[in-house]
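# A structural walkthrough
Residues per chain are reported as follows:
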Amino acid sequence: MRRVLLAALVVSLATPAAAEAHRVSLSGPAQFDVAVAQVRYAAPHGPRPALKLALAGPTGLDYVAVALPRHQPRRALVALVAVVNRRPRGSQAPDIARILLGIEPSRAMRAPVVSEAANVLRAPPTAAPPACALGALAVGDLRFAMRAGAPPPGFAARSTIAQALAAVCGRPVDPAFRTAVAPPAPAPLPKPCPPPCPPTPMQPRIVCPMPAALVICPRAA
């Protein structure tokens, strides 16, 4: 009996705990702006797990991109998220206040720590968020994870995250990215020509008779 209990204990210790999915809530940006978030898992022991990501709620007209830095911080697993509000000018569609993201690690992990900043193109945060500790990241420094929605013209998931991270960290942002996110307002249409004036009705005129011309014939001498 003792051997059976010991064997059961060994099996229970060797069997890994079932992975638990986590739901992350992120702020949605205002129209023509971007939000950036860092999702950080603590990984003190063993290899870093793989992450399965999926949307857990509606995104409206927002574009959502997720990527993982190829060089991860020590004893941590970090995912970077960019949310771009793609609501066009003149649209009456409501903005989404919160973006829900489902994350399922390949092994049991504690819930991640999320740090975020919204509307980074309009007003970058005064204090650098934790994601800035990763340094300047180019497209090649990121590994694609997921995307949803229509991207800003000319920018894919990784390039969108790289530009959004530069904005939130106070580094130069590609002017083409700003234009893609916030296209300039179209030039106002010229004012239409005024309608032609209506014809003025002719007023009756009174013509006074003129005296006949006096003809004087010459007399013979």
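Residues numbered from 1 in each chain as written. Predicted model: local features only at pLDDT ≥ 70, side-chain atom pairs only at ≥ 80, totals over all residues. Heavy atoms only, no water.

### Description of the pairing of strand β2 (residues 34–42)
Taken residue by residue, a regular strand's side chains alternate between the two faces of the sheet. Rules: Categorising residues by exposure relies on relative accessible area from a 1.4 Å probe, with only protein chains included: less than 20% of the type maximum marks a residue as buried, more than 50% marks it as exposed, and the intermediate range marks it as partly exposed. The secondary structure listing takes helices from DSSP runs of H or I that are at least 4 residues long and strands from runs of E that are at least 2 residues long, numbered from the N terminus. Here, any two strands with at least 2 DSSP bridges between them count as paired.
By the criterion of burial, β2 is predominantly enclosed, with 7 of the 9 residues buried. With 9 bridges joining them, β2 and strand β5 (residues 76–85) adopt antiparallel strand pairing. Paired with Ala42 across the two strands is Ala76, which belongs to β5. Of the strand pairs in this sheet, β2 and strand β7 (residues 113–117) are connected by 5 bridges, and their pairing is antiparallel. Its bridge partner being in β7, Val36 is matched across the sheet by Ala117.

### Looking at the packing of aromatic side chains
What counts is decided by this rule: Two aromatic rings from Phe, Tyr or Trp, using only the six-membered ring of Trp, form a pair when their centres are within 6.5 Å; if the ring planes differ by under 30 degrees the pair is stacked, by over 60 it is edge-to-face, and anything between is tilted.
Counted by the stated rule, this structure contains 1 aromatic pair. Between Phe155 and Phe177, the ring centres sit 5.1 Å apart and the planes meet at 75 degrees, which makes this aromatic pair edge-to-face. Residue Phe155 is located in the loop between β8 (142–148) and α2 (157–168), and its partner Phe177 is located in helix α3 (residues 175–181); the two are separated by 22 residues in the primary sequence. With relative accessibility at 0%, the residue Phe177 sits in the buried group.

### Things to note about the sheet that holds strand β4 (residues 62–69)
Let me state the cut-off plainly: An axis is simply a line fitted to the C-alpha atoms; with a helix, the fit covers only the stretch in contact. Between two such axes, the angle follows the N-to-C directions and lies from 0 to 180 degrees. Residue contacts follow a heavy-atom distance rule, with two residues in contact if any of their heavy atoms lie within 4.5 Å.
The antiparallel open sheet is built from 5 strands, whose spatial order is β7-β2-β5-β4-β8. Both outer strands of the open sheet, β7 and β8, are each paired with one neighbouring strand and no more. Taken pair by pair, the neighbouring strands of this sheet meet at an average axis angle of 20 degrees, ignoring direction. Strands in contact with α2 are β2, β4, β5, β7 and β8; relative to β8, the strand with the most contacts, it is inclined by about 105 degrees.

### Let's talk about the pattern of salt bridges
Let me state the cut-off plainly: Salt bridge, as used here, is a side-chain nitrogen of Lys or Arg placed within 4 Å of a carboxyl oxygen of Asp or Glu.
Throughout the structure, instances matching the rule amount to 3 salt bridges. In this structure, Arg122 engages Asp33 in a salt bridge whose closest nitrogen and oxygen atoms are separated by 3.6 Å. With Arg122 in the loop between β7 and β8 and Asp33 in the loop between β1 (22–27) and β2, this residue pair connects regions lying 89 residues apart in the sequence. Residue Asp33 is classed as buried on the basis of its relative accessible area of 1%. Notably, a salt bridge pairs Asp95 with Arg87, separated by 2.7 Å at the nearest N-O pair.

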